[in-house]
Every structure is written in C-alpha cells, then in structure tokens.
Amino acid sequence: MGGVAGMRGRQTVRGMFQSLGVIMVAAGVMYLFIPHDEDANPVQAKDYRVELLTAQRAAPYPVLAPEGLGEGWKATVVSYKREQNDAWQLGFLDPDTQYVAIHQSTAEPKKFVPDVTQEAKDSGKTQTVAGQVWQRWEGPKYDALVRTDGGATTVVTGTASFERLAEMAGALQSKKA
C-alpha cells in the first residue's frame, strides 16, 4: 500500500516541476519582449508633465515644480487631489537616494504641515533660499522647509538634509497655465 502512495506523490512532484518549467519558459519569453535597460536603476523616473499641467490648470494657486535640478534626481511620486484641499505632491529621490517631496495645499497649515512631514514641528528658525524666507521644521522622520504664499502652503520635506531640501526649494518654479 505504501508503495502506491509513494509513486503518486513522486508523480505529483514531477508534474509540478514540469508546470513550473513551462511557466519559467513563458516568463523568460515575456522578459525578452519587454524592453528593459540593463543600466537603468530599479527606480524608474516618472514623467510628471501631464499631471503638472493638469494641476496647474486646476489649482487655485501657483503649482510649483523644480526646474533645472542637477543629474541624479528622479521623480517617483506625483498626485493632485482637488477634493483634498487641492493637494499637489511631487516626490523625488535625490542623488543620494534620499526622499525629497514638494507638497502644496490650501489646507490649514497647522494641520497640513504635520500631516505631510510625519509630525515635524516648527523649529522657529528660518532659511532664506533664492530670496524667499522659509520656516525650518524639524521632525523625527522628515525635516521640512515651509512657506505660505499665494493662498497655499508649500512644504519641501523628506529624509534628505536641509541642504538638499534648500536645493529643491530654490529650483521650484510656477508656470501658471
């Protein structure tokens, strides 16, 4: 009796390996047909122009995005949520693969800033970047540069250093559509 069950067990395992082989071949063929760049970083940079244009048309404030950042900055997150106080978000990995994001919204700054900075607090210090004064917020996870202007609060935040946050803040431009 034991012998028959043992045979069936082995056949099932062999069948499984055969199916697996077929799946692997199919996956391999698919892989060949999907264009991939061997040198590309695993993080794909997002092209956010369409979302930016949409947000610039829809938002009641000048939506900001960086111009002329150096090499190595990759956009990874983009969203515009009109129903959430016209919240614009654009996230990047900086050249050191630290996270840097721009958040803008017409929401109440006291609530909005701690939300997007993961509970950062106003340090009382300011930093002037490209002639504009930003408040420095410091937090357990993210630091941030914050300013309220044109009916919206802009937050440049992330795991990156204040130098990198300032680099992003200094590159921000608005092209009101």
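Along each chain, residues carry numbers from 1 onward, in the same order as the chain's sequence is written. Only residues with pLDDT of at least 70 are given local features in this predicted model, and only at 80 or more are side-chain atom pairs given and counted; all residues enter the totals for whole chains, interfaces and linings. Hydrogens and water are ignored here; the side-chain numbers use all heavy atoms of the structure.

Undergrad: Explain helix 2 (residues 49–58) here, please?
TA: Helical geometry note: an α-helix holds 3.6 residues per turn, so side chains three or four residues apart project in the same direction. Exposure is judged per residue with a 1.4 Å probe applied to protein chains only, and the accessible area is read against the type maximum: over 50% gives exposed, under 20% gives buried, and values in between give partly exposed. In this description a helix means any DSSP run of H or I spanning at least four residues, a strand means any run of E spanning at least two, and both kinds are numbered starting from the N terminus. Considered for burial, the residues of helix 2 that qualify are L52, A55 and Q56. When helix 2 is viewed along its axis, its buried side chains cluster within an angular range of 100° and face the same direction. Of the exposed residues in helix 2, the ones pointing more than 90 degrees away from its buried face are V50 and R57. Contacts are assigned to residue pairs that have any heavy atoms within 4.5 Å of one another. Of the surrounding secondary structure, the elements contacted by the buried residues of helix 2 are strand 1 (64–66), strand 2 (74–81) and strand 3 (87–93). The reported arc concerns the directions from the helix axis to the C-beta atoms and nothing else.

Undergrad: Which parts of the structure should I look at to understand the side chain of T154?
TA: Looking at the element boundaries, T154 is found in strand 8 (residues 152–158). T154 sits in the buried class, given a relative accessible area of 6%. Looking at T154, its side chain comes within polar contact range of the side chain of Q104, at 3.1 Å. Those residues in contact with T154 that lie beyond four places of it in its chain are L64, I102, H103, Q104, W134, L145, V146, R147 and L172. In protein, a polar contact means a hydrogen-donor-capable atom and an acceptor-capable atom, both N or O and within 3.5 Å, with residues adjacent in sequence counting only if both atoms are side-chain atoms; elsewhere, any N or O pair within 3.5 Å suffices.

Undergrad: Mind showing me how you'd approach the nonpolar core here?
TA: Soluble globular proteins tend to pack their nonpolar side chains together in the buried interior. One finds Y48, W88, L90, F92, L145, V156 and M168 to be the most contacted residues of the largest nonpolar core, which totals 29 residues. Where this core is concerned, the elements lending two or more residues are helix 2, strand 1, strand 2, strand 3, strand 4 (99–105), strand 8 and helix 4 (162–171). In terms of residue count, helix 4 provides more of this core than any other element does, five residues in total. Apart from the residues lying within four places of it in its own chain, the contact partners of L90 are Y48, A65, P66, V77, V78, V100, A101 and I102. Put simply, a nonpolar core is a bunch of buried Ala, Val, Leu, Ile, Met, Phe, Trp, Tyr and Cys residues held in one set by side-chain atoms that sit within 4.5 Å of each other. Counting residues in hydrophobic clusters, the runner-up holds nine residues, among them F112, V116, W137 and V155.

Undergrad: What is the right way to read unusual backbone geometry from this model?
TA: Among all residues except glycine, the phi angle is most often negative; among peptide bonds, the trans geometry is most common. Phi angles above zero are rare outside glycine, and D86 is one such case at about 50°. Inspection of the secondary structure puts D86 in the loop between strand 2 and strand 3. The buried category is assigned to D86, whose relative accessible area is 12%.

Undergrad: How should the sheet that holds strand 5 (residues 121–129) be read in this particular structure?
TA: Whether parallel or antiparallel, the strands of a sheet pair through hydrogen bonds between backbone atoms. At least two DSSP bridges between two strands are required for those strands to pair. Spatially, seven strands are ordered 2-3-4-8-7-6-5 in an open sheet, and the strand pairing comes out antiparallel. At either margin of the open sheet sits one strand with a lone partner, and together these are strand 2 and strand 5. Between one strand and the next, the sheet's axes are offset by a mean angle of 20°, whatever the strand orientation. Pairing of strand 4 with strand 8, which is carried by six bridges, proceeds in the antiparallel orientation. Residue pairing in the sheet places S105 in a bridge with T153 of strand 8. Angles shown run from 0 to 180 degrees and are taken between the N-to-C directions of axes, each axis being a line fitted to C-alpha atoms and, for helices, limited to the stretch in contact. Contacts from helix 3 (residues 109–116) reach strand 4, strand 6 (132–138), strand 7 (143–149) and strand 8, with the element oriented near 20° to strand 8. In this fold helix 4 packs onto strand 3, strand 4, strand 5, strand 6, strand 7 and strand 8, with an angle of close to 30° to the strand it touches most, strand 7.

Undergrad: Explanation requested: the packing of aromatic side chains in the structure shown.
TA: Two rings belonging to Phe, Tyr or Trp (six-membered ring only in the last case) form a pair when the distance between their centres is within 6.5 Å. Interplanar angles under 30 degrees mark stacking, angles over 60 mark edge-to-face geometry, and anything in between is tilted. Throughout the structure, instances matching the rule amount to three aromatic pairs. Ring centres of Y99 and Y142 lie 6.1 Å apart, and the angle between their planes is 45°; on these two criteria the pair is classed as tilted. Residue Y99 is found in strand 4, and its partner Y142 is found in the loop between strand 6 and strand 7; the two are separated by 43 residues along the sequence. By the burial criterion, Y99 is buried, and Y142 matches it. The structure contains a cluster of three or more aromatic residues connected by ring pairs, namely Y48, W73 and F92. For R136, the ring lying beneath its charged end belongs to F162, and the centroid distance is 3.7 Å. Whether a charge sits over a ring comes down to the Lys NZ or Arg CZ being within 6 Å of the ring centre and within 35 degrees of the ring normal. Geometry around W134 places R147 over its ring, the cationic atom sitting 5.7 Å from the centre.

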